[in-house]
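Commentary on secondary and tertiary structure
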Amino acid sequence: MCSCRDKCSANRKESTEVLSAADRGIHLVLLGAPGAGKGTQAKHLSAKYGLAHISSGNLLRDELTRGTKLAAEIKGYMDKGQLVPDSIIIDLIINHVKGLESPNWMLDGFPRTASQAKALKAAKELYLTHIIELQVDQEAVVKRLGGRRFDPTTGNTYHVDFDPPPADIADRVIIRDDDKEEVIRERFVIYEKNKKLIADTFGDAVTVVSCEGLSIEEVSARVDAVIDGRQE
Ligand code: AP5
């Protein structure tokens, strides 16, 4: 093992099993608080790098929309902004990713607990190439989420001011049930509680991208730099 600590890719590979994109496609995890912009950046990354977008929140909302057997089990948690149990979400996500045809994918909203992070790390065939945390100021995000609009047909996210939905879908976008201030604050509390536990699992493989005061395009440029290996 190389003796230099932080920037050394040899160390990162050995200690975290995170491989470079050049090795075997892009397998990206996007971490970040509620409203940090994970879904927004996922839309950009899908278009730019052809990544399949696996959003745990969208998969769960799809179960609710379809009124599946699982829907009754998860609705109460989601309405209150609480995490659905690991026993449900881990299998749902890991099986979904294993079934993908695309060699390039990104996870948005998973992992969110230490158990989820450990399960992902233990699934060796799902080796990760990038783990990016979008870092935001929580108060700014609480205000921002008030303008969020969600397209239930595509799963895409918009904002009335910063990223307005195109005119042809403006009638079908909705306000998410969990975008009420008290529910948003509960989601923040849970995120903060679990953040360190996830960081403990992945260690220095996590690249933090500060999004403070940046436009959507400026954040995209920073994320692209990480993926392309241009970040200092
Ligand atoms: P989920 O859907 O994953 O919600 P979340 O993590 O709370 O994340 P959000 O979707 O709220 O935010 P985001 O980071 O994607 O931000 P966005 O891009 O939309 O989860 C929902 C629920 O499902 C959970 O509460 C839980 O119950 C359950 N769940 C999901 N995953 C689970 C798991 N792993 N385990 C257990 N339970 C789970 O951006 C927000 C807004 O800001 C948008 O309007 C956007 O247009 C705008 N915006 C984005 N970037 C910028 C910018 N730079 N400047 C200005 N506006 C911006």
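Quick note: structure is the one above.
These lines cover the structure that appears in this document, whether it is placed above or below. Think of each chain on its own: its residues are numbered from 1, step by step along the sequence as written. In keeping with the model being predicted, local features are shown solely for residues with a pLDDT of at least 70 and side-chain atom pairs are shown and tallied solely at 80 or more, while totals for entire chains, interfaces and linings include all residues. As a convention, hydrogens and water are excluded, and side-chain values are obtained from all of the structure's heavy atoms.

1. Section: the side chain of Arg149
Note on conventions: DSSP H or I runs of at least 4 residues are helices, E runs of at least 2 residues are strands, and numbering of each starts at the N terminus. Relative to the helices and strands, Arg149 is located in strand β5 (residues 148-150). Think of it in three bands: residues with accessible area under 20% of the maximum for their type are buried, residues over 50% are exposed, and the middle band is partly exposed, with areas taken using a 1.4 Å probe on protein chains only. Positive charges are assigned to Lys and Arg, negative charges to Asp and Glu, while His and the chain termini are left out of the count. Each salt bridge in this description consists of a side-chain nitrogen of Lys or Arg and a carboxyl oxygen of Asp or Glu lying within 4 Å of one another. With no salt bridge to any partner, buried Arg149 finds its closest opposite charge in Asp179, at an N-O distance of 6.8 Å. For Arg149, the contacting residues outside a window of four places in its chain are Asn156, Thr157, Tyr158, Val160, Val173, Ile174 and Ile175. Residue contacts are counted whenever heavy atoms from the two residues lie within 4.5 Å of one another.

2. Details of the packing of helix α8 (residues 138-145) against helix α9 (residues 181-202)
For helices, the axis comes from a line fit to the C-alpha atoms of the stretch in contact; other axes are also lines fit to C-alpha atoms, and the angle between any two N-to-C directions lies between 0 and 180 degrees. Where α8 meets α9, the axes come as close as 10 Å, and the angle between the chain directions of the two elements is 140°. Like other packed secondary-structure pairs, α8 and α9 cross with a definite hand, here right-handed. Residue-level inspection shows Gln138, Glu139, Val141, Val142 and Leu145 of α8 in contact with α9, the latter providing Glu181, Ile184, Arg185, Phe188 and Glu192. Here the term charged refers only to Asp, Glu, Lys and Arg, the term nonpolar to Ala, Val, Leu, Ile, Met, Phe, Trp, Tyr, Cys and Pro, and the term polar to all other amino acids, Gly among them. For the contact of α8 with α9, the residue count by class is 5 nonpolar, 1 polar and 4 charged. Left-handed describes a crossing whose near helix is turned anticlockwise from the far helix by less than a right angle; the clockwise case is right-handed.

3. Considerations on the pairing of strand β4 (residues 130-135)
Among the 6 residues that make up β4, 5 are buried, leaving the element largely enclosed by the rest of the structure. Direction of pairing for strand β1 (residues 27-32) relative to β4: parallel, over a ladder of 5 bridges. Note that in β4 the partner of Leu31 across the bridge is Glu133. When DSSP finds two or more bridges between a pair of strands, those strands are recorded as paired. As paired strands, β4 and strand β7 (residues 206-210) are joined by 5 bridges and run parallel to one another. Across the sheet, the residue bridging to Ile132 is Thr207, located in β7.

4. Describing the site of the ligand
A cutoff of 4 Å decides nearness: a residue is near a molecule or strand if any of its heavy atoms lies inside that distance of it. In the vicinity of the ligand there are 36 residues, among which Thr40, Gln82, Arg112, Arg148 and Arg187 approach most closely. Calculation of accessible area relied on Shrake-Rupley with a 1.4 Å probe; when residues are assessed, cover is drawn exclusively from the protein chains displayed. When the ligand sits alone it has 1000 Å² of accessible area, and the protein chains cover 97% of it. Those elements that place two or more of their residues in the shell around the ligand are α3 (38-49), α4 (56-66), α8, β6 (157-159) and α10 (216-227). Of all the elements, α4 adds the most residues to the shell around the ligand, at 4 residues.

5. Concerning the pattern of salt bridges
Inspection of every chain in the model, using the stated rule, returns 15 salt bridges. Across the pair Lys75 and Asp79 runs a salt bridge, and its minimum N-O distance is 2.6 Å. Here Lys75 pairs with Asp79, and both are found in helix α5 (residues 69-80), just 4 residues apart, close to one helical turn. Given a relative accessible area of 41%, Lys75 falls into the partly exposed group. One salt bridge connects Asp178 with Arg176, and the closest N-O pair in it is separated by 3.0 Å. Its relative accessible area of 13% is what places Arg176 among the buried residues.

6. Re the packing of aromatic side chains
Here a Phe, Tyr or Trp ring, Trp counted by its six-membered ring, pairs with any other such ring whose centre lies within 6.5 Å, and the pair is stacked when the planes are under 30 degrees apart, edge-to-face when over 60, and tilted otherwise. In total, this model carries 0 aromatic pairs according to the counting rule given. When the ring centre of Phe150 is taken as reference, the NZ or CZ atom of Arg61 above it lies at 5.0 Å. By the criterion adopted, a ring carries a charge over it if an Arg CZ or a Lys NZ lies within 6 Å of its centre and within 35 degrees of its normal.

7. Focus: the sheet that holds strand β3 (residues 105-108)
The strands making up a sheet associate through backbone hydrogen bonding, with each pair oriented either parallel or antiparallel. Strand order in this open sheet of 5 strands is β2-β3-β1-β4-β7, and the pairing throughout is parallel. Looking at the sheet topology across the chains shown, the edges are occupied by β2 (52-55) and β7. On average, each strand axis in the sheet is inclined to that of its neighbour by 25°, with strand direction left out of account. In this sheet, β3 lies alongside β2 in parallel orientation, the contact comprising 4 bridges. Bridged to Ala52 within β3 is Trp105. Of the strands in this sheet, β1, β4 and β7 are in contact with α9, which crosses β4 at around 150°. In the packing of α10 onto the sheet, contacts are made with β1, β4 and β7, and the angle to β4 comes to roughly 155°.

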